Amino acid sequence: METTQGQPVGHEDIQVPSGRTRWWVVALILGLPALLVIGFIAMVAIWVLTDDSSETEQRPPHSLQVSVGDAWPGGAPTSA
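This text gives an overview of the structure that appears in the document. (Residues numbered from 1 in each chain as written. Predicted model: local features only at pLDDT ≥ 70, side-chain atom pairs only at ≥ 80, totals over all residues. Heavy atoms only, no water.)

Right, let's get into the overall build of the chain. A count of helical and extended segments in the chain gives two helices and zero strands. Accessible surface computed for the chain: about 8500 Å², of which carbon and sulfur atoms make up 63%. (Helix = DSSP H or I, 4+ residues; strand = E, 2+ residues; numbered from the N terminus. Areas by Shrake-Rupley, 256 points an atom, 1.4 Å probe, with all protein chains shown as cover.)

Turning to helix α1 (residues 23-49), a few remarks are in order. Here α1 contains 27 residues, and its C-alpha end-to-end distance of 38 Å stays within 8% of the 39 Å for a straight helix at 1.5 Å per residue. By the criterion of burial, α1 is predominantly exposed, with just zero of the 27 residues buried. (Expected span 1.5 Å × (residues − 1). Buried < 20%, exposed > 50% of the residue type's maximum accessible area, 1.4 Å probe, protein only.)

Judged by side-chain polarity, W24, V25, L28, I29, L30, L32 and L35 come together as a nonpolar surface patch covering roughly 750 Å² of accessible area. Of note, L28 is situated in helix α1. (Patch = residues over 30% accessible without salt bridge, like charges linked within 9 Å, V, L, I, M, F, W, Y side chains within 5 Å. Salt bridge = Lys/Arg side-chain N within 4 Å of Asp/Glu carboxyl O.)

The following block contains the structure:
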């Protein structure tokens, strides 16, 4: 058997027939955005479905609570 030694074949030397689809390019173009969208939806679903009941005791309530008997700290307001 003979071995031929010549110049190494580079990326630009490879001939692809015209009209030939490179399917890995199509897969990248369609696959990466699909993976990003599916990952985002999965993260939102996990965030919504996780139980955060342990944090409710540590955080103040969201509503504004005002005591009726203690309207003005330090005394009654002066009227003009």
